[in-house]
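Chain and residue survey
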Amino acid sequence: MYRHTGGNTPRWFTYVIISILGLAFSTTLFQIAWNTALDHKKKEFSFESIPLKESVTSNVRAGNEVINTVGAFMQSNPLANRAQSEIFFRDILTRYSCIEAVNYYPASDPGTGIGFPVLYQGTRNHFYFEQDEDIYQHPIYRYAIDMAIDSGAIVPAPPVIENNPDHNYWLFKTIQTGASDDKPASTMPGTVQGLGSIL
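First, a word on scope: everything that follows refers to the structure included in this document. Predicted, not measured: the structure shown is a model, and the values here were computed from it.

**Structural notes on the packing of helix H1 (residues 11-76) against helix H2 (residues 82-95)**
For the pair H1 and H2, the least separation of the axes is 12 Å and the interaxial angle reads 165 degrees. Of the possible angle classes, the one that applies to H1 and H2 is roughly antiparallel. In the packing of H1 onto H2, the handedness of the crossing is right-handed. Two secondary-structure elements touch here, H1 through Val66, Thr69, Val70, Phe73 and Met74 and H2 through Gln84, Ser85, Phe88, Phe89 and Ile92.

Encoded structure:
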């Protein structure tokens, strides 16, 4: 009869090997579960970010459309009165929930320097400026206004952080005398009729 006389594997070594294999298997299962959950969260975030991206894109388009419409209205109706402007601005605020305010500032007399006093305001909640307040005197808006005058383009101003939890920002557009909206005129002194802005 054959007798095995070699050393037996100690019992503790068997437990160690089984424990290591169990730990490796558990770690592999945990890693697979972690990666699956992470992939699920990435897909969920992607699906949630699509409507957000579409909403931002839609609001930017609406802002451009509204500021161009305000420019066209004020350019074609330089003698528009407060009642006409209020009706027009109220209609904009009704149709576009992303717009908080619409303002018009006529250019001041070139002999007195650059100035754009508030003439007409349309707003959802409260007025952001006093009547006849010169928007150009606010340093935070001056750079954007200068850029709008120089380029003829729609220019955003940085958001005012104080009392503005939504961090809304103003878009400014110059309104040229006798220039079509799709082709800005050169901005020589005397060609700027005023400014339109939306928040």
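**Comments concerning a nonpolar patch on the surface**
Together, Trp12, Phe13, Val16, Ile17, Ile20 and Leu21 give the surface a local cluster of nonpolar side chains, amounting to about 600 Å² of exposed area. Its location among the elements puts isoleucine 17 in helix H1.

**Topic: the pairing of strand E4 (residues 171-176)**
Extensive coverage of E4 is indicated by the burial of six of its six residues. Residues Leu171, Lys173 and Ile175 point to one face of E4 and Phe172, Thr174 and Gln176 to the other, with burial holding for every one of them. For strand E3 (residues 155-156) and E4, the ladder comprises two bridges, and the chain directions are antiparallel. For valine 155, the partnering residue across the bridge sits in E4 and is phenylalanine 172.

**Describing the sheet that holds E4**
If you walk across this open sheet you meet the five strands as E2-E1-E5-E4-E3, and the pairing is antiparallel. Of all the strands in the sheet, the pair left with one neighbour each is strand E2 (120-123) and E3. Sheet contacts for helix H3 (residues 139-151): E3, E4 and strand E5 (192-198); angle to E4, the most-contacted strand, approximately 40 degrees.

**Observations concerning the packing of aromatic side chains**
Working definition: an aromatic ring pair is given by the centre-to-centre distance plus the angle between the planes. Using the criterion set out here, one finds 11 aromatic pairs in the structure. Look at tyrosine 105 and phenylalanine 172: their rings are 6.4 Å apart centre to centre, the planes differ by 40 degrees, and that puts the pair in the tilted class. Separated by 67 residues along the polypeptide, tyrosine 105 in strand E1 (residues 101-106) and phenylalanine 172 in strand E4 bring together distant segments of the chain. Summarising the burial analysis for this pair, tyrosine 105 and phenylalanine 172 share the class buried. Seen in terms of ring centroids, phenylalanine 129 and tyrosine 141 are 5.9 Å apart; in terms of plane orientation they differ by 80 degrees. Their pairing is edge-to-face. Of this pair, phenylalanine 129 sits in the loop between E2 and H3 while tyrosine 141 sits in helix H3, and the two are 12 residues apart along the sequence. Considered together, phenylalanine 129 and tyrosine 141 belong to a single accessibility category, that of buried residues.

**Considerations on the side chain of glutamine 176**
Among the secondary structure elements, glutamine 176 is positioned in strand E4. Judged by its relative accessible area of 6%, glutamine 176 is buried. Among the polar contacts made by the side chain of glutamine 176, one reaches the side chain of threonine 174 at a distance of 3.0 Å.

What counts as what
Along each chain, the written sequence defines residue order, and numbers are assigned to residues from 1. Local features in a predicted model are, by the rule used here, given only for residues with pLDDT of at least 70; side-chain atom pairs are given and counted only at 80 or more, and totals for whole chains, interfaces and linings are based on all residues. Just so you know, side-chain values use all the structure's heavy atoms and leave hydrogens and water out. Between N-to-C directions, angles span 0 to 180 degrees; the directions come from axes that are lines fitted to C-alpha atoms, helices contributing only their stretch in contact. Helix and strand definitions here come from DSSP, where helices need a minimum of 4 consecutive H or I residues and strands a minimum of 2 consecutive E residues; each element is numbered from the N-terminal end. Should an angle fall under 35 degrees it is taken as roughly parallel, and over 145 as roughly antiparallel, whereas 65 to 115 is taken as roughly perpendicular and any remaining angle as oblique. Helix crossings fall into two classes, left-handed where the near helix is turned counterclockwise from the far one by less than a right angle and right-handed where it is turned clockwise. Contacts are assigned to residue pairs with any non-hydrogen atoms lying within 4.5 Å of each other. The patch calculation keeps residues exceeding 30% relative accessible area without a salt bridge and links them within 9 Å when they carry like charges or within 5 Å when they are nonpolar (Val, Leu, Ile, Met, Phe, Trp, Tyr). Accessible surface area values rest on a Shrake-Rupley calculation with a 1.4 Å probe, where residue burial reflects the displayed protein chains alone. Salt bridges are defined by distance alone: a side-chain nitrogen of Lys or Arg within 4 Å of a carboxyl oxygen of Asp or Glu. Burial classes follow relative accessibility: with a 1.4 Å probe on protein chains only, a residue under 20% of its type's maximum area counts as buried, one over 50% as exposed, and anything between as partly exposed. Strands are treated as partners if at least two bridges between them are detected by DSSP. Aromatic pairs are defined between Phe, Tyr and Trp rings, using the six-membered ring for Trp, whenever the two ring centres lie within 6.5 Å; interplanar angles under 30 degrees are classed as stacked, those over 60 as edge-to-face, and all others as tilted. Counting of polar contacts relies on pairs of N or O atoms within 3.5 Å, with two restrictions inside protein: one atom must be capable of donating a hydrogen and the other of accepting it, and residues adjacent in sequence are counted only when both atoms are side-chain atoms.

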